[in-house]
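This is what each chain is made of:
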Amino acid sequence: MSTLQEKINHYRQLFTDLVSRVKEAREAEELRQLFLGRKKGHLTLLFEEFKNLGPEEKKTAGRVLNELKSEIQNRLAELEQKFQAPARARLIEDPTLPGQQLYWGSPHPITLFQREIEKIFISMGFSVEEGPEIETDYYNFEALNFPLHHPARDSWDTLYINDKLLLRTHTSPVQIRVMEKKKPPIRIIIPGKVFRRETPDPTHLPMFYQVEGLVVDRGITFAHLKGTLEYFIKALFGEKIKLRFRPSFFPFTEPSAEVDIECIVCSGRDPECRVCGGSGWKEILGAGLVDPQVFKNVNIDPEIYSGWAFGLGIDRTAMFAFQIPEIRYFYENDLRFLRQFNRR
Amino acid sequence: MKISYAWLKEYVNLNLSPEELASSLNQIGLMVESLSQLEEDTVYEIETYANRPDTLGHLGVAREVATLLGLSLKSRNWPLRELAKPTSELVDINILDPQLCPRYCGLVVTGVKVGPSPDWLRKRLEAVGLRPINNVVDVSNYVCFSLGQPIHTFDFKKLRGSRIKIRKARKGETIRTLEGTQVELTPEMLVIADETTPVAIAGVIGGEESGITDSTTEVFIESANFNPVSIRLTAKKLGLSTDASYRFERGADPNAAPLAAIMAASLLCEFGARASRGLLDVYPAPRKPRAVTLRLRRINELLGVEVEPDFVVKTLSGLGLKLKEQSPGLWTAEIPSYRVDLEREADLVEEVARFYGYDRIPSAVTPVKSFELPADREKDRVWRLKEVLFHHGFDEVINFSFTDPEKEQLWQTGCQSIRLQNPISTKLSALRTSLLPGLVDNAVWNFNREAEGVHIFEVGNIYFWEQEEVHREKLSLGILTTGLRSGRTWKEPEKETDFFVLKGAVEDVLNYLGYEPVSFEPATHPFFEPEQALKILVKNEPVGVLGLLSAALARNYDLERPVFCAEIDLGELLRKQPRPFAFQPVPRYPGTSRDLSFLVDENVSYQQLQQQLQKLNLPYLEKYQVYDRFRGKSVPPGKISYSVRFYFRQAGRTLQTEEVDRAMQEITAQLKASLKIQLR
């Protein structure tokens, strides 16, 4: 009896030692074999020994032996569960933990706004044209009916490279380039970078973006210009936006117009409005019927064809649309500014 | 230009409120930028245009308003108290250059008492923001802002001799102007001179010596017309813009010259002076009025609205045009000399439209008669490229095309940079020859503002001289990645960016756009650390570079973290034909994969492995991928351990194990023979 009891104590201690070192399911299985293996398991052998005991001894030894067996079985069952991790992982431990997010880069707000504009015109059957940023005086001014040494040039303060080349001050030279190589009907928009000799301040920079529109065909009228621009502005700013056309002057259009839209910030109600200065209107684009001299310069007969054109500052319009107070935000490229726009 | 309501009333009986006047002015394009209420007046800041010098005086604006309201202009009398002495006995006007001075009028006023102007005159000037000085100067300003015709007054006694010469300046001549600055004159500048020296720079500014002072008693009034271009060039050259030059360079009305002189003399007479008898008026080649044909049909064709002929006649007559009807709906219009902008039929159509009201012209849809297929999908491809980069977590930036030439030198882009003739500042005086300096600036800016990682790209032009006199602008793509890629979360530790983040983005851009084959070659480039850069080739032609920013450049920007960047010549790339998209059938039979783990000498590059595998003809090999690469304790020194998984597939059937085994044997044999790999 004492021998068996000693053995039981010895194996209990051994099991406790070994079980604490078990790190994976395989080791737990080995441990099971070692103690409960059908032929040579330590416990199996102890039960063999137990059979040879007298009835009195059997009573106490049987209880102790069965206790040890269930202890070992329970402990192994626990381990088994523990190592069944794959099964457990199917359950969400704490669904309130934050999700795993994926960062998408953001388009630059100018790109974004330009695309919105392009999409509206493309839906009206326009195609998109581009042209060089380094231009000649002829394309930038002369062909667009700006006489040499005329004060009209003052509003287009120019950065020159040399006596022949300059940085285009507007996207209008592309009108000329397109009309030179293509005959009407023409129905295009021209987005792009333009440059002016402007000292940087909250609303002016020496580089900004414009989009130009040009339609040339037989029978094009001022009414068509109005209708198209009204649709465009409403598509961009919403159906309720009010706009007005008023006469203006551009050397390359006649008649010329400027288009104001209702101030989306104050709707004319705030006399101190930072955006519209209290006038209730915001100047947004210049437009007009193509000047007959411009047509002559590209060998299009103004008696047969007419057309309209417009030009819009993308930066300034985006500033207005998104209520961005300073134009330079666009070119500082602060990620905290830029990254807001992939939410749009 | 400031316009006073009270001043306008000198010319037209306005019967509308100041606010109503503002909206009338807006309707006809004299845009009111602001309106301010004075005690007895309302002042409008109106926008004027370079082609409308007639609106630079109250008379011109009154004419517009009167036409809109259907009112007529008041006629005003300018009586003179005349001396017995004819002007011609006092002065002799010699125009030596009638090209530059088509008309010159003048007369002398004596008995002038220089002193403060009467109240009404002071108020007028103050209303439009002019400072009253003395009655003589105030009168000339009043005339200028009434008629838009600048005049000049000389102290007659200070003029030497009786002859006034309008001539070009002589070399070396100088004049001290009314502003008190000494000005060097050049021979293309027109001056007003007495017998000996210039006394005024024609149409720009007078000389101090002959200017009006408190002791002036005799005044010579000049009212002339000058060539706009000559005035503009002179004013520009001198860096001066005066009320006079501003008007003359836009084209003053030669026919306003006599009236302006009389008006000034009349006002001085009212203040007690007397005028010499008869205005001297030298106008050697009087300008003939322009005639323009106008068709009613054309008005309607261009505006898209039927305008009544009566409206056309009423409007244009109101503006001072003399209309002669040739046949119904066809007129010849004689253009008044103050309207330099009206030259063609389209100009008259605009006048009709302005007064008809742009808001009354209907809105119509621009008709489409044909659709055109987009000629060029280049723009779509650029957008696609951007989308791939957004997906890779790169933000788009836009930088100025200008750059600092010093910085340009630092980067050694190898391009001859284009300089501006009249830059805003030296820091903005060259055009960029690479996008990367801008991107590095952006990284610095953002690191200085709490950013821990910067992953950005830009698509834009770079500019350079290709040869002397031959400039190029080229579309370029710049990409930069530095710092943390993502912060630490409960699931994952933070991730630092590296070269392969950049390379993967570049590969994906080229791959998704269908440019192939893409290959890389080791490159040496001034932007990058030695042996840390690759040339990017598409169809075996170089299209760009990528690498680790050189330590020297990084130091220059105080950048501590490694910066990886790439620049791709998009002009070159987009010219190449991308692989056309073709649908591939989805495999119906299962493929199989085998792993190969081996040791190879550390000098062997992955590209060499690729090249060896390419030499094999393995029809079933679909692709292969490195899934492990390491060196360390378990790897002998000088070796690298690779694990590569090979994927095999045959379209029409399931592959046999023996076929795959054979392929693997071939692969192993090839790598053993060429690169001496040892299987693990």
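Residues numbered from 1 in each chain as written. Chains lettered and ligands numbered in written order. Predicted model: local features only at pLDDT ≥ 70, side-chain atom pairs only at ≥ 80, totals over all residues. Heavy atoms only, no water.

Peer 1: Can you walk me through empty space enclosed by the protein in this structure?
Peer 2: The full count for this structure, using the stated rule, is 2 cavities of 30 Å³ or more. Approximately 120 Å³ is the volume found for the largest cavity. In terms of lining residues, the largest cavity is bounded by 15 residues, among which S248(A), Y49(B), R52(B), E350(B) and R354(B) are the most central. When contributions to the lining of the largest cavity are tallied by element, the ones reaching two or more residues are β6 (243-250) of chain A together with α12 (345-356) of chain B. Its residues assigned to classes, the lining of the largest cavity shows 5 nonpolar, 4 polar and 6 charged. Considering only enclosed or pocket space, the second largest cavity measures out at about 40 Å³ in volume. Together, F598(B), Y606(B), L609(B), L613(B), Y624(B), V626(B), V644(B), F646(B) and L671(B) line the second largest cavity. Breaking the lining of the second largest cavity down by element, the ones donating at least two residues are α19 (606-615), β31 (621-630) and β32 (639-648) of chain B. If one sorts the elements of the lining of the second largest cavity by residue count, α19(B) sits on top with 3 residues. (1 Å grid on protein atoms, 1.4 Å probe; cavity = no way out; pocket = protein on both sides within 12 Å on 5 of 7 lines; lining within 4 Å. Points joined across faces, edges and corners; volume = space filled by probe spheres on them. Helix = DSSP H or I, 4+ residues; strand = E, 2+ residues; numbered from the N terminus. Nonpolar A, V, L, I, M, F, W, Y, C, P; charged D, E, K, R; others polar.)

Peer 1: What am I meant to see in the confidence of the model for chain B here?
Peer 2: Here chain B averages 94 in pLDDT, and 100% of its residues register 70 or above. What the predictor reports for the complex is a pTM of 0.85 with an ipTM of 0.90. (pLDDT = per-residue confidence, 0-100.)

Peer 1: When you look at the side chain of E249(B) in this model, what are you seeing that I'm missing?
Peer 2: Among the structural elements, E249(B) can be located in the loop between α8 (243-248) and α9 (257-270). Among the polar contacts listed, one links the side chain of E249(B) to the side chain of R250(B), at a separation of 3.1 Å. Residues in contact with E249(B), not counting those within four places in the same chain, are P151(A), D154(A), P228(B), I231(B) and R232(B). (Polar contact = N/O pair within 3.5 Å; in protein donor to acceptor, adjacent residues only side chain to side chain. Contact = heavy atoms within 4.5 Å.)

Peer 1: Teacher, can you tell me more about the packing of helix α2 (residues 25-36) of chain A against helix α3 (residues 42-51) of chain A here?
Peer 2: Each pair of packed helices can be summarised by the angle the axes make with each other and by the distance between the axes. Residue and element names in this part refer to chain A. For the pair α2 and α3, interaxial distance at closest approach is 3 Å and the crossing angle is 15°. On the basis of their axis angle, the class for α2 and α3 is roughly parallel. Residue-level inspection shows L34, F35 and L36 of α2 in contact with α3, the latter providing H42, L43 and T44. Split by residue class, the contact of α2 with α3 holds 4 nonpolar, 2 polar and no charged. (Axes fitted to C-alpha atoms, helices over the stretch in contact; angles between N-to-C directions. Parallel < 35°, antiparallel > 145°, perpendicular 65-115°, else oblique.)

Peer 1: Please clarify how the nonpolar core should be interpreted in this entry.
Peer 2: A general tendency of soluble globular proteins is for nonpolar side chains to be buried together. Judged by nonpolar contacts, the single largest core of 172 residues is most densely connected at F232(A), L285(A), Y331(A), I221(B) and F402(B). If near-sequence neighbours (up to four positions away) are discounted, Y331(A) is found in contact with I110(A), L205(A), M207(A), F208(A), Y209(A), D315(A), I398(B), N399(B) and F400(B). If you look at the next biggest cluster of nonpolar residues, it comprises 36 residues, including I164(B), I166(B), L190(B) and F226(B). (Core = buried A, V, L, I, M, F, W, Y, C linked by side-chain atoms within 4.5 Å. Buried < 20%, exposed > 50% of the residue type's maximum accessible area, 1.4 Å probe, protein only.)

Peer 1: How should I be thinking about the sheet that holds strand β2 (residues 32-37) of chain B in this particular structure?
Peer 2: Backbone hydrogen bonds are what pair the strands of a sheet, in a parallel or an antiparallel way. Residues and elements named next belong to chain B. If you trace the 3 strands from one edge of the open sheet to the other, you get β1-β3-β2, paired in antiparallel fashion. Looking at the sheet topology across the chains shown, the edges are occupied by β1 (2-4) and β2. Strand-to-strand, the axes of this sheet are offset by a mean angle of 25°, without reference to chain direction. Two elements, β1 and strand β3 (residues 42-46), share 3 bridges in a ladder whose sense is antiparallel. Note on β3: the bridge partner recorded for K2 is E45. Strands β2 and β3 of the sheet are contacted by helix α2 (residues 18-27), whose axis makes an angle of about 165° with β2. (Pairing = 2+ DSSP bridges.)

Peer 1: I keep staring at unusual backbone geometry and nothing clicks. Help me out?
Peer 2: Trans peptide bonds make up most of the peptide bonds, and negative phi angles are found at most residues other than glycine. A cis geometry characterises the amide bond from P184(A) onward to P185(A), with omega recorded as 0°. Counting through the fold element by element, P185(A) comes out in the loop between α8 (173-181) and β4 (186-195). The phi torsion at Q412(B) lies on the positive side, around 50°, for a residue other than glycine. Take Q412(B): its relative accessible area is 54%, and that puts it in the exposed class. A positive phi is found at N540(B), a non-glycine position, where the angle reads about 65°. The residue N540(B) is located in the loop between β27 (528-538) and β28 (541-549) in this model. Judged by relative accessible area, which is 59%, N540(B) ranks as exposed.

Peer 1: Teacher, can you tell me more about the pairing of strand β7 (residues 152-155) of chain B here?
Peer 2: All names here are of chain B. Both faces of β7 are covered, namely the face carrying H152 and F154 and the face carrying T153 and D155. Bridge count between β7 and strand β14 (residues 219-225): 4 bridges; the pairing is antiparallel. Residue pairing across strands places T153 opposite I221, the latter belonging to β14.

Peer 1: For this particular structure, what's the right way to read the pattern of salt bridges?
Peer 2: Two side chains that carry opposite charge are able to pair once their charged atoms sit near each other. All chains considered together, the criterion is met by 70 salt bridges over all chains. Between K379(B) and E118(A) there is a salt bridge, and its shortest N-O distance comes to 3.1 Å. Placement of K379(B) in helix α13 (residues 378-391) and of E118(A) in helix α6 (residues 109-123) is noted, with the two residues assigned to different chains. Residue classification places K379(B) among the partly exposed positions, given a relative accessible area of 28%. A salt bridge links R339(B) to E64(B); its shortest N-O distance comes to 3.8 Å. Taken together, the positions of R339(B) in the loop between β19 (330-334) and α12 and E64(B) in helix α3 (residues 58-69) put the pair 275 residues apart, joining distant regions of the chain. (Salt bridge = Lys/Arg side-chain N within 4 Å of Asp/Glu carboxyl O.)

Peer 1: Would you take a moment to explain the interface of chain A and chain B for this structure?
Peer 2: Accessible area lost on assembly of the parts is the figure often given for the size of an interface. With 93 residues of chain A in contact, the opposing surface of chain B contributes 85 residues. Buried area between chain A and chain B, both sides added, is near 7300 Å², and the carbon and sulfur share of it is 55%. Of all residues in chain A, the largest losses of buried area upon contact with chain B belong to H149(A), P247(A) and E254(A), amounting jointly to 8% of the total for that side. Taken together, the links from chain A to chain B amount to 7 salt bridges. Between R344(B) and D291(A) there is a salt bridge, with the nearest N and O atoms lying 2.5 Å from each other. The interface formed by chain A and chain B holds 45 residue pairs in polar contact (both at pLDDT 80 or more) in total. Counting residues per element, the side of chain A that touches chain B draws most heavily on helix α9 (residues 222-237) of chain A, at 7 residues. Partitioning the side of chain A that touches chain B into residue classes produces 42 nonpolar, 22 polar and 29 charged. (Buried area = accessible area lost by both parts, 1.4 Å probe.)

Peer 1: Just to check I follow, could you spell out the side chain of R247(B) for this structure?
Peer 2: Residue and element names in this part refer to chain B. Within the element layout of this structure, R247 appears in helix α8. Of the side chains bearing the opposite charge, D243 lies closest to the buried R247, which forms no salt bridge; the N-O distance is 4.0 Å. At a separation of 3.0 Å, a polar atom in the side chain of R247 contacts the main-chain carbonyl oxygen of L56. (Lys, Arg positive; Asp, Glu negative; His and termini not counted.)

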